[in-house]
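# Breakdown of the fold
These are the residues of each chain, in order.
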Amino acid sequence: MSLEDQKKAAAEEAVKYVQPGMKVGLGTGSTANYFIDALAARKIDVTCIATSAASQARAEKLGLKMSNIDDHPFIDVTVDGADEFDSELRLIKGAGGAMHREKIVASSSRFMVVIADQSKQVKTLGKFVLPVEVSRFGVNATAWKIERALKHMNLPTKMVLRQRDDKAFITELGNAVIDCSLGAIAEPEKLDTLLNNIPGVIETGLFIGICGVVYMGTDNGVVELVRK
């Protein structure tokens, strides 16, 4: 089974979690798209809250009923992908640059379900870059403070300002993203706290204590992993 087939299988398993009348958070990215497609195919009465313009447009095109986080500040379940996850279901997200909206929606949910292929499971977080969403005002000053926090934790200080089409990448909320290549994050909770205490940091790609279940596609079918 290819990785794409694994993602699709995980999405089709996760959609069974959704019941009529629920308010459903829709994640962002290629994996989340499989869930949006599967949810639309079920044709049940749910209200969806998207985490990006792309997910909003896809869901609307498929006929899903849409609303927003302000009208529905409490959500039953959010289903999204992840760049990686560990055995405690701690995540790194943000490859698409939507982590701030994704975290607001996911943390407003009774439950967050992650769908992923088997390549996303890691022993220690940090194999994937850690995105940090920052204000465009004083971005170099904020980067220097991030570097200092990484040094404090004896982590590599390899950081780059995310680019797209030879220009600085800007999130839908108007912020920049600094990608940090750390290799391994021994204390993700401590790092998340340090980074979020830096003026100028809007959000990190660390999702800790938010995900309750992962549906992971494998060569032998979909495996359900539950946070203990």
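If you're wondering where the values come from, they're calculated on a predicted model, not measured in any experiment. (Residues numbered from 1 in each chain as written. Predicted model: local features only at pLDDT ≥ 70, side-chain atom pairs only at ≥ 80, totals over all residues. Heavy atoms only, no water.)

## Details of the side chain of D80
Tracing the backbone shows D80 in strand β4 (residues 75-80). According to the relative accessible area criterion, D80 is buried, its value standing at 1%. Only 3.2 Å separates the side chain of D80 from the backbone nitrogen of T28, close enough to count as a polar contact. Those residues in contact with D80 that sit more than four places away from it in its chain are G27, T28, A32, K93, E102, M112, V113, V114 and I115. (Helix = DSSP H or I, 4+ residues; strand = E, 2+ residues; numbered from the N terminus. Buried < 20%, exposed > 50% of the residue type's maximum accessible area, 1.4 Å probe, protein only. Polar contact = N/O pair within 3.5 Å; in protein donor to acceptor, adjacent residues only side chain to side chain. Contact = heavy atoms within 4.5 Å.)

## Things to note about the sheet that holds strand β2 (residues 47-50)
Across the sheet, which stays open at both edges, the seven strands sit in the order β3-β2-β1-β4-β7-β15-β16 with mixed pairing between neighbours. Both outer strands of the open sheet, β3 (65-67) and β16 (221-226), are each paired with one neighbouring strand and no more. Averaged over neighbouring strand pairs, the angle between their axes works out to 25° when direction is ignored. Across three bridges, β2 lies against β3 in parallel orientation. Opposite T47, over in β3, you have K65 as the bridge partner. (Pairing = 2+ DSSP bridges. Axes fitted to C-alpha atoms, helices over the stretch in contact; angles between N-to-C directions.)

## Some points on the pattern of salt bridges
Inspection of the entire model under this criterion finds 13 salt bridges. The network of salt bridges with shared partners includes D86, E88, R90 and E189. (Salt bridge = Lys/Arg side-chain N within 4 Å of Asp/Glu carboxyl O.)

## Quick notes on the nonpolar core
Core analysis: the largest hydrophobic core is formed by 25 residues, its most contacted members being V24, L26, F35 and L39. Residue assignment for this core shows that the elements contributing at least two residues are α1 (3-14), β1 (23-26), α2 (30-42), β2, β4, β7 (109-117) and β15 (211-218). Examining the composition of this core, we find that five residues originate from one element, α2, more than from any other. Non-local contacts of L26, meaning those with residues more than four positions away in its chain, are made with F35, I36, L39, C48, I49, A50, T51, A59, M66 and V79. Counting 23 residues, the second largest nonpolar core, distinct from the first, contains V139, I146, I178 and L191. (Core = buried A, V, L, I, M, F, W, Y, C linked by side-chain atoms within 4.5 Å.)

## A closer look at the pairing of β4
With six of six residues buried, β4 lies mostly within the body of the structure. Two strands pair when backbone bridges link them, and β4 and β7 are joined in this way by five bridges, in the parallel orientation. Opposite I75, over in β7, you have S109 as the bridge partner.

## Concerning the sheet that holds strand β12 (residues 176-181)
Read from one edge of the open sheet, four strands run β9-β12-β8-β13, paired in antiparallel fashion. The strands lining the two open edges of the sheet, one partner per strand, are β9 (158-161) and β13 (201-204). Strand-to-strand twist across the sheet, computed as the mean angle between neighbouring axes with direction ignored, equals 25°. Inspection of the sheet shows strand β8 (residues 130-134) paired to β12 by five bridges, in the antiparallel sense. Considered in β12, the bridge of V134 is made with A176.

## So, the environment of V24
Here V24 lies in strand β1. For V24 and M112, which are 88 residues apart along the polypeptide, the C-alpha to C-alpha distance reads 9.9 Å. Beyond its immediate stretch of four places on either side in the chain, V24 contacts V18, F35, L39, V46, T47, C48, I49, I75 and V77.

## Some points on the packing of aromatic side chains
One pass over the structure, following the stated rule, counts one aromatic pair. Centre to centre, the rings of Y17 and F111 are 5.7 Å apart; their planes meet at 15°, and the pair counts as stacked. In this pair, Y17 sits in the loop between α1 and β1 while F111 sits in strand β7, placing the two residues 94 residues apart along the sequence. Assessed through its relative accessible area of 29%, Y17 is described here as partly exposed. Exposure remark for F111: the relative accessible area of 27% places this residue in the partly exposed category. Over the aromatic face of F169 sits the side chain of R162, whose NZ or CZ is 5.4 Å from the ring centroid. (Phe/Tyr/Trp six-rings, centres within 6.5 Å; stacked < 30°, edge-to-face > 60°. Lys NZ or Arg CZ within 6 Å of the ring centre and 35° of its normal.)

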